[in-house]
Amino acid sequence: MPGPFIDDAQIDRARTLAREITDPVFELIRRNTTVSTERTVLRLFGISGAGPRGVPLANLMADRLLAAGALGRGAAYWYGRVLRLGAKSPLDAVERLTSVPAEKLALLPPNEEAQLRDDVRAEARAAVGELKRRIAERDALKAELGLPPPPHKYVIVATGNIYDDVDQARAAAQAGADIIAVIRSTAQSLLDYVPHGATTEGYGGTYATQENFRIMREALDDESRKLGRYVQLTNYSSGLCMAEIAFCAAYERLDMLLNDAMYGILFRDINLRRTFIDQYFSRRICALAGIIINTGEDNYITTADAFDAAHTVIASQFINEAFAKRAGLKDAQLGIGHSYEIDPARPETLLLELSQAMLVRRCFPNAPLKYMPPTKHKETDIFFSHAYDVMADLVAVWTRQGIQLLGMMTEAMHTPLLADRYVALKAASYVHRAARGIDSEFTVREDGKIAERARFVFGNALKLLEECRADGMVAAIGKGRFGDVKRSETGGKGLDGVVEKAADYFNPFLEILEAQS
Amino acid sequence: MAKPGKQIIRPYGDRRDDGMVQLSFTLPVPLSEKAKEAAAQFVRKMGFSDVKVAASERAADSYTFFVVYARSGMYVDYSEIDVPEVVVKKLGFDDLNKLIEDQVGRKVVVLGACTGTDSHTVGIDAILNMKGFAGDYGLERYPWFEAHNLGSQVPNDELVRRAVATHADAVLVSQVVTQRDVHKDNARQFIEEAKKAGLYGKLSLLLGGPRVDHKLALELGFDAGFGAGTKPSDVANYIVHSLLKRLGKEPSGQHNPGEPQ
């Protein structure tokens with residue numbers, strides 16, 4: 001790999017700072033839970049159905065507990081209570097719980113309490129066992145069919161109708177796509193529930209539902225067998241239902257998830273506490289399920305300028321990594337995000353983009369990395385746009401990106417046409433084939449522009465990390481240090497779904513997941 | 001023979017009036033000689049001649065992608081095309097601030113938001129944020145503008161409420177997502193809300209987005225529409241001049257720079 005550019009000690013320093021910045025946030029995470037975290041617990045127990053008017057049973061139950069002021073003891077505890085009331089099915093359990101008056105929710109005698117917890121723990125172990133069995137199935141197919149060498153070519157489908165998505169995903173796979181992302185319906189991140197069942201109406205994308213995940217993964221399993229190579233599937237674990245989506249994805253054998261510790265706070269104005277708590281449980285599930293997360297630092301430089309704000313990307317990547325490691329994720333699961341976004345009207349942008357991508361590779365040598373294409377300065381001149389994307393293909397293979405989202409020549413116009421994906425895949429396959437090995441053939445001079453720029457950006461990233469450690473994570477976000485967006489601790493959506501844990505809070509899944517690493 | 005004054009034009013490939021056009025499209029059939037003939041027939045049916053299917057590629061098992069060159073016999077009379085274009089010189093950053101200071105004497109209040117379910121703030125950010133776009137400062141940078149960027153997914157009624165509360169001079173509605181014409185429905189609903197609140201006609205209502213043009217904005221009930229490539233200074237100039245017109249300080253018929261027509 002070209003150039004160290006930066007001393008190892010400096011990189012260690014950044015990593016230490018990121019740990020110190022994120023440490024205090026774990027105090028918040030330890031002391032609180034959220035409605036969505038508790039709904040995830042219920043889904044882990046198999047409560048995945050919907051009640052009247054399509055409301056997910058997990059929501060009916062969690063909302064009832066929240067209203068009764070009882071959620072702080074954990075949904076798992078109350079799940080155990082309704083089982084003891086003799087519930088015959090999840091729907092029955094929800095009905096029993098929602099019909100019990102609040103005063104009947106008082107504690108049981110101590111021996112019964114202990115027995116209840118033992119019973120629920122046993123059930124949780126069985127549920128995790130089943131989840132692991134499904135994940136092992138996915139891993140076996142992946143091992144049998146194999147993956148091509150990286151960069152893995154990632155394309156998006158976004159029809160709004162899961163069945164049309166399947167057609168487009170199969171076509172993309174046939175044209176050489178390695179990863180299919182089903183983009184979500186606009187504003188799904190702000191829904192405080194996961195919609196139920198197969199969906200055929202969405203705006204700007206398709207609703208992420210457990211059933212939609214199942215339909216798409218099944219189609220891709222079939223297509224993978226036909227093609228003789230494993231095609232991966234990803235979706236979005238972001239917004240108000242991070243952990244629930246992570247569970248649905250793990251259960252339905254997805255391979256990756258977009259999952260960022262701060263994205264919801266900055267770009268969806270979701271409450272900061274809510275996001276930090278939810279991201280932790282969601283990442284614990286990803287860790288267990290061997291799901292590769294994709295972080296969202298590319299977004300910073302669609303709001304802020306990519307040249308000026310390059311260091312915020314690096315600083316955030318260290319912070320995202322620190323959060324991820326604390327949640328048990330391994331290096332191979334860290335699709336650390338960044339992108340090719342510097343204004344192409346500037347001189348030497350290929351050098352600048354190479355510098356940035358090499359710097360990310362240098363800082364995270366064992367992570368797959370997720371490289372995003374240009375979007376902000378995309379033009380509706382599709383011929384220029386295509387040339388612009390091809391430069392990103394070159395940088396991706398040169399800097400050994402694990403995952404490359406391919407740019408679409410019609411980026412600034414409409415959701416990709418079938419042919420747009422084909423053209424992008426054909427070009428990327430050519431560039432990856434043509435330039436493979438270029439990274440080991442060329443040495444980048446330590447006294448040149450690329451190295452100098454990398455040192456400059458890294459130096460500013462270190463300064464920003466020092467500042468975040470001095471001010472604290474919350475204050476740093478409050479000052480707009482990331483993506484030029486300012487958020488307060490008590491602002492944004494979803495704070496009313498944050499609940500302080502009671503002294504006897506019970507979450508057997510968290511116990512199991514935390515014991516894994 | 002064209003009448004005097006007519007200006008007949010056709011597409012220019014490599015010589016005048018050759019009518020050369022390039023097309024690309026996908027047909028939902030596997031690649032085959034039959035598929036290529038289908039592509040050629042399709043293009044001929046559109047009225048093209050000299051059809052050359054330059055590329056036919058297997059985009060997927062049952063989809064074929066074509067690149068086609070063909071000639072068109074169609075023409076347009078350029079002299080009959082009527083699209084008014086702005087000719088007056090646009091005021092720069094300092095001059096525009098000075099104009100507000102002298103003629104309005106207070107800060108011009110502007111609210112902007114991506115409304116409804118739209119979460120794509122790229123456009124509204126480019127116009128309002130300090131940084132601006134393509135070297136053109138955003139409205140937040142102007143000392144004589146008080147610009148509020150309310151961000152994404154702002155409900156229409158909330159935007160109207162904020163416009164009333166802040167005594168806004170202009171409201172910018174950004175709509176990026178256009179699937180199933182959701183932008184039009186949402187824009188119309190905003191106008192309804194503005195009418196209900198008695199705001200309509202009392203301030204400038206601007207619609208912006210990559211698929212928005214001035215004509216569409218007028219149809220939907222806005223005062224002006226700004227499409228792709230709009231710079232913050234275009235919007236700033238428009239807002240100031242329309243405010244001056246409302247204040248009776250500029251003739252209502254005057255056309256100003258940056259103003260869509």
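Residues numbered from 1 in each chain as written. Chains lettered and ligands numbered in written order. Predicted model: local features only at pLDDT ≥ 70, side-chain atom pairs only at ≥ 80, totals over all residues. Heavy atoms only, no water.

1. Brief notes about the interface of chain A and chain B
By convention, interface size is frequently given as the accessible area that disappears when the constituent parts associate.
Then step 1. On the chain B side, the residues contacting the 27 residues of chain A number 21 residues.
Then step 2. Note on chain A versus chain B: buried area summed over both sides is about 2,000 Å², and carbon and sulfur give 49% of it.
Then step 3. Applying the counting rule to chain A against chain B returns 1 salt bridge.
Then step 4. A salt bridge links B:Glu57 to A:Lys426, with the nearest nitrogen and oxygen atoms 2.7 Å apart.
Then step 5. Contributions of two or more residues to the side of chain A that touches chain B are made by α7 (162-174) and α16 (418-435) of chain A.
Then step 6. Residue composition of the side of chain A that touches chain B, grouped by class: 13 nonpolar, 8 polar and 6 charged. (Contact = heavy atoms within 4.5 Å. Buried area = accessible area lost by both parts, 1.4 Å probe. Salt bridge = Lys/Arg side-chain N within 4 Å of Asp/Glu carboxyl O. Helix = DSSP H or I, 4+ residues; strand = E, 2+ residues; numbered from the N terminus. Nonpolar A, V, L, I, M, F, W, Y, C, P; charged D, E, K, R; others polar.)

2. Regarding the sheet that holds strand β10 (residues 403-405) of chain A
All names here are of chain A.
Then step 1. The 9 strands are arranged β7-β6-β5-β4-β3-β2-β10-β9-β8 in an open sheet whose pairing can be described as parallel. If you trace the sheet from one side to the other, it starts and ends with β7 (334-335) and β8 (337-339), each paired once.
Then step 2. With 3 bridges connecting them, strand β2 (residues 152-157) and β10 associate as parallel partners. For Lys 153, the partnering residue across the bridge sits in β10 and is Gln 404.
Then step 3. In the packing of helix α13 (residues 310-326) onto the sheet, contacts are made with β6 (292-294), β7 and β8, and the angle to β8 comes to roughly 160°. (Pairing = 2+ DSSP bridges. Axes fitted to C-alpha atoms, helices over the stretch in contact; angles between N-to-C directions.)

3. What about the sheet that holds strand β3 (residues 48-60) of chain B?
Residue and element names in this part refer to chain B.
Then step 1. Spatial strand order, β2-β4-β3: 3 strands in an open sheet with antiparallel pairing. Where the open sheet ends on each side, the last strands, each with one partner, are β2 (20-27) and β3. Along the sheet, successive strands turn relative to each other by an average axial angle of 20°, direction set aside.
Then step 2. Bridge count for β2 against strand β4 (residues 63-72) is 8 bridges, and the pairing is antiparallel. Along β4, the bridge assignment pairs Leu 27 with Thr 64.
Then step 3. Helix α1 (residues 33-45) contacts β2, β3 and β4 of the sheet and is inclined by roughly 140° relative to β3.

4. Remarks on the pairing of strand β8 (residues 170-174) of chain B
Residue and element names in this part refer to chain B.
Then step 1. In terms of burial, β8 is a largely internal element, 5 of the 5 residues being buried.
Then step 2. Neither face of β8 is exposed, since Ala 170, Leu 172 and Ser 174 on one face and Val 171 and Val 173 on the opposite face are all buried.
Then step 3. Direction of pairing for β8 relative to strand β9 (residues 204-208): parallel, over a ladder of 5 bridges. If you follow Ala 170 over to β9, its bridge partner there is Ser 204. (Buried < 20%, exposed > 50% of the residue type's maximum accessible area, 1.4 Å probe, protein only.)

5. Examining a nonpolar patch on the surface
Then step 1. A contiguous nonpolar surface patch, about 450 Å² in accessible area, is contributed by B:Ile9, B:Val76, B:Tyr78, B:Ile81 and B:Val83.
Then step 2. Position of B:Ile9 relative to the elements: it lies in strand β1 (residues 8-9). (Patch = residues over 30% accessible without salt bridge, like charges linked within 9 Å, V, L, I, M, F, W, Y side chains within 5 Å. Areas by Shrake-Rupley, 256 points an atom, 1.4 Å probe, with all protein chains shown as cover.)

6. A few points about the state of the cysteines
Residue and element names in this part refer to chain A.
Then step 1. Per the counting criterion, the structure on display carries 0 disulfides over all chains.
Then step 2. We note that Cys 241 lacks a disulfide partner, and the nearest cysteine sulfur, in Cys 248, lies 9.0 Å from it.
Then step 3. Here Cys 363 is not cross-linked by a disulfide; its sulfur's nearest cysteine counterpart is in Cys 468, at 16 Å. (Disulfide = S-S within 2.5 Å.)

7. A word on the pattern of salt bridges
Residues and elements named next belong to chain A.
Then step 1. By the definition in use, this model includes 57 salt bridges over all chains.
Then step 2. Two residues, Glu 27 and Arg 31, come together in a salt bridge whose shortest N-O distance is 3.5 Å. A residue pair is termed a helical-turn pair when its members lie 3 or 4 positions apart in one helix, as Glu 27 and Arg 31 do in helix α1 (residues 8-31) at 4 residues.
Then step 3. By relative accessible area, Glu 27 is classed as partly exposed at 36%.
Then step 4. Ionic pairing is found between Arg 487 and Asp 269, a salt bridge with its closest N-O pair at 3.6 Å.

8. Some thoughts on the pairing of β9(B)
Residues and elements named next belong to chain B.
Then step 1. The element β9 is extensively covered by neighbouring structure, given that 5 of its 5 residues are classed as buried.
Then step 2. Residues Ser 204, Leu 206 and Gly 208 of β9 are buried on one face, and the alternating residues Leu 205 and Leu 207, pointing to the opposite face, are buried as well.
Then step 3. In the sheet, β9 pairs with strand β10 (residues 224-226) via 3 bridges, with the strands oriented parallel. Within β10, the position partnered with Leu 207 by the bridge is Gly 225.
Then step 4. After leaving β9, the chain enters helix α6 (residues 214-219) and then returns to the sheet as β10, a path that is right-handed. (Right-handed = clockwise from strand over helix to strand, strands pointing away.)

9. Digging into the domain arrangement of chain A
All names here are of chain A.
Then step 1. As far as domains go, chain A holds domain 1 (32-145) and domain 2 (147-451).
Then step 2. Each partner contributes to the interface: domain 1 provides 28 residues, whereas domain 2 provides 34 residues.
Then step 3. Summed over both partners, the interface of domain 1 with domain 2 comes to about 2,700 Å²; 63% of that surface belongs to carbon and sulfur atoms.
Then step 4. Interface area lost by domain 1 to domain 2 is led by Arg 43, Arg 138 and Leu 145, which between them contribute 25%.
Then step 5. In this assembly, domain 1 and domain 2 are joined by 5 salt bridges.
Then step 6. When the shortest N-O distance is used, the salt bridge between Arg 39 and Glu 244 registers 2.9 Å.
Then step 7. On inspection of domain 1 and its partner domain 2, the count reaches 16 residue pairs in polar contact (both at pLDDT 80 or more). (Domains from an automatic or database assignment. Polar contact = N/O pair within 3.5 Å; in protein donor to acceptor, adjacent residues only side chain to side chain.)

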